[in-house]
Structure formats: structure tokens, C-alpha cells
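Spelled out, the chains give:
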Amino acid sequence: MSDILILQGPEVSTPALKSIARLTGASAIEQIHPAAFRLVGAQPHDELAEQCVAAQLDFGWVPAGRKLGDFGLFVTDMDSTLITIECIDEIADMIGVKPQVSEITEAAMRGELDFSESLTRRVALLAGLEVSALDRVYTERLALNPGAEQLMRRLKAAGLRTVLVSGGFTFFTDRLKERLGFDHTFANRLEEQDGKLTGRVRGAIVDAGAKRNALETLRDEYGIAPTATIAAGDGANDLDMFGVAELSFAFRAKPVVRAKASYALDFSGLDGILPLLGA
């Protein structure tokens with residue numbers, strides 16, 4: 001059986017659906033979620049991506065018969081993927097160095113700068129900040145991306161192991177683990193002294209290789225097949241784990257990441273992952 005075309009977005013208009021159905025030669029349109037539709041019998045077309053962008057729709061080709069229960073492990077990035085912010089940028093804002101830190105963050109996310117080097121440089125700029133500022137970032141600025149809670153509920157209900165792995169900080173991953181019920185979290189630990197940040201990270205830095213290693217190690221520990229693994233992220237630091245996952249989802253991602261991912265979600269929420277998993 002051929003792959004099935006899925007269209008989804010925050011607002012899916014009937015004219016846009018019908019136009020893409022005509023373009024792809026689909027014989028029917030079936031609603032499978034409130035904001036997701038299956039185009040029966042659709043065939044690839046060179047103008048499909050262009051039309052979807054114009055209509056602010058995400059699309060993906062899903063093998064017939066795929067179901068959520070086929071998968072066992074879901075690993076996701078945190079900053080700008082699970083949550084709306086880059087935590088280090090917001091921490092930096094508390095000490096007046098956000099522009100400098102953000103510039104380094106963006107270069108690293110585009111893959112123009114080694115991540116470990118970039119993190120070391122950024123964290124050094126935070127030296128002297130009161131640790132209490134981290135709590136302000138969490139309570140005042142951190143928000144989940146749309147669909148995050150729905151996605152996590154469905155994955156856990158289906159029995160998938162869920163992992164949050166981040167080049168960010170344990171202060172935030174620990175709280176999100178409790179809030180959303182992740183099975184495992186991995187992140188960097190900021191060094192503290194006398195209630196202030198020292199400008200250093202304790203222990204080995206969680207970089208692209210560490211993210212890949214977390215996926216592979218937990219996959220093997222749980223006896224999950226490589227073909228049953230999923231990764232989600234938005235930056236170049238996620239590409240190594242994309243390379244060992246069966247499916248990869250680029251969420252509001254940089255071009256270099258979108259190009260390497262199985263699917264790109266530019267308009268849908270994180271729960272847009274579910275229709276592409278056959279859920």
C-alpha cells in the first residue's frame with residue numbers, strides 16, 4: 001500500500017484542503033483529528049510543499065498501517081522545542097547580557113559554532129547572578145509549546161518511554177519531568193556558590209553526542225528496537241540523535257535541521273506529531 005498524505009495546521013480551511021486534494025489527485029478527504037486530515041489516494045506533486053506553506057499547513061507522508069503502538073521511545077529537546085524559550089537567553093536577561101548570549105545561541109543553533117564552546121562562553125556571562133533568578137525564569141517566562149501536554153499524555157498512555165534531553169539546565173528539566181511525567185531527563189548542571197552562579201557548568205556538558213548517547217543507551221536498556229524510536233528537536237545540536245532515531249521531528253526548526261528530519265512541523269503544535277505516528 002502507498003503512503004498516506006496527512007495535512008494539519010492551526011487553522012485548516014476547506015478551500016485549501018480541496019485545492020491540495022485536486023493537486024495531488026486525492027479521491028477523498030477524511031478528518032482524523034480536529035486539525036488534521038487524511039487525503040485518500042493522494043500522490044506526490046512538485047507544488048505540494050509550496051501550496052502547504054501558502055496555506056500554513058504542515059504535511060507528511062505516513063506509511064499505511066503505522067500506529068502509535070509500533071513505537072517504544074520518544075526523546076525530545078527542551079528549549080524552543082518542548083518550551084517556547086531558550087532558558088539561557090532569559091537567564092541572561094536577568095543580568096543584562098541577553099543580546100550577547102542570544103547571538104551565541106543563534107550561531108550554535110545554526111550549526112556555526114561548536115555547542116560545548118558556545119555553552120561555556122554563554123554560561124561564563126552569567127557569573128554572579130543570584131540563583132533565585134532561575135526560579136523567576138521558570139515561573140514568569142517559561143511556557144510549554146502548544147500541544148506539549150496532549151502529546152505527552154498520548155505517548156504515556158500508549159506505553160512509550162519518554163525522555164527530555166537538553167543542552168540547557170537541570171533546574172528546568174527537573175521541574176518539567178515532574179510536571180509532564182518524563183521517565184528520564186538529561187541536562188547541564190549550573191555550578192553555584194554562596195547563592196550565586198559561578199559562570200561554570202558542573203560535570204560533562206550535554207552536547208549533541210550526549211543526546212545521541214542518551215537515546216541509544218535507553219533504547220538498548222529497555223530492549224526497544226531501533227525502528228521504534230522517535231526524536232524531536234529544533235537545532236543543530238539535535239542532529240546526532242536524529243541520525244539514530246527511526247523518525248525525527250523538526251519543530252519550528254532551523255533550515256539545516258528541517259532538511260535532515262523525517263517531518264517538519266512549522267505551523268502545528270507538538271501534538272501534530274501524533275497524526276504522523278498513526279495515532
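For the structure itself, consult the block above.
Here the structure is a predicted model, which means the values were calculated and not measured.

Participant: Tell me what's going on with the overall build of the chain, and back it up with residues and numbers.
Facilitator: Helices and strands together make up the secondary structure of the chain, namely 12 helices and 11 strands. Here the C-alpha radius of gyration of the chain, 20 Å, is about what a compact globule of 279 residues would show, namely 19 Å. The principal-axis extents of the C-alpha atoms in the chain amount to approximately 65 × 40 × 30 Å. In the chain, buried positions account for 51% of the 279 residues. The contacts in the chain between residues at least 6 apart in sequence include a share of 63% that link residues at least 24 apart. Accessible surface for the chain amounts to roughly 12300 Å². Of this, 47% is attributable to carbon and sulfur atoms.

Participant: Lay out the nonpolar core with the relevant residues and their values.
Facilitator: Within the largest apolar cluster, 54 residues are counted, with the highest numbers of intra-cluster contacts made by Leu 82, Ile 83, Phe 172, Leu 176, Phe 249, Ile 273 and Leu 277. Residues in contact with Ile 273, not counting those within four places in the same chain, are Phe 74, Leu 151, Ala 232, Phe 249 and Leu 265. Counting 19 residues, the second largest nonpolar core, distinct from the first, contains Leu 73, Val 75, Val 206 and Met 241.

Participant: Give me the sheet that holds strand β7 (residues 184-193): which residues, what numbers.
Facilitator: Spatially, the 7 strands line up as an open sheet ordered β8-β7-β6-β5-β9-β10-β11, and their pairing is mixed. A strand with exactly one partner marks an edge of an open sheet, and here the two such strands are β8 (196-202) and β11 (263-265). On average, adjacent strands in this sheet sit at an angle of 25 degrees to one another, irrespective of strand direction. Taken together, the 4 bridges between strand β6 (residues 161-169) and β7 define a ladder with parallel strand orientation. When the sheet's bridge partners are listed, Val 163 is paired in β7 with His 184.

Basis of the calculations
Residues numbered from 1 in each chain as written. Predicted model: local features only at pLDDT ≥ 70, side-chain atom pairs only at ≥ 80, totals over all residues. Heavy atoms only, no water. Helix = DSSP H or I, 4+ residues; strand = E, 2+ residues; numbered from the N terminus. Rg over C-alpha atoms; globule rule 2.2 N^0.38 Å. Buried < 20%, exposed > 50% of the residue type's maximum accessible area, 1.4 Å probe, protein only. Contact = heavy atoms within 4.5 Å. Areas by Shrake-Rupley, 256 points an atom, 1.4 Å probe, with all protein chains shown as cover. Core = buried A, V, L, I, M, F, W, Y, C linked by side-chain atoms within 4.5 Å. Pairing = 2+ DSSP bridges. Axes fitted to C-alpha atoms, helices over the stretch in contact; angles between N-to-C directions.

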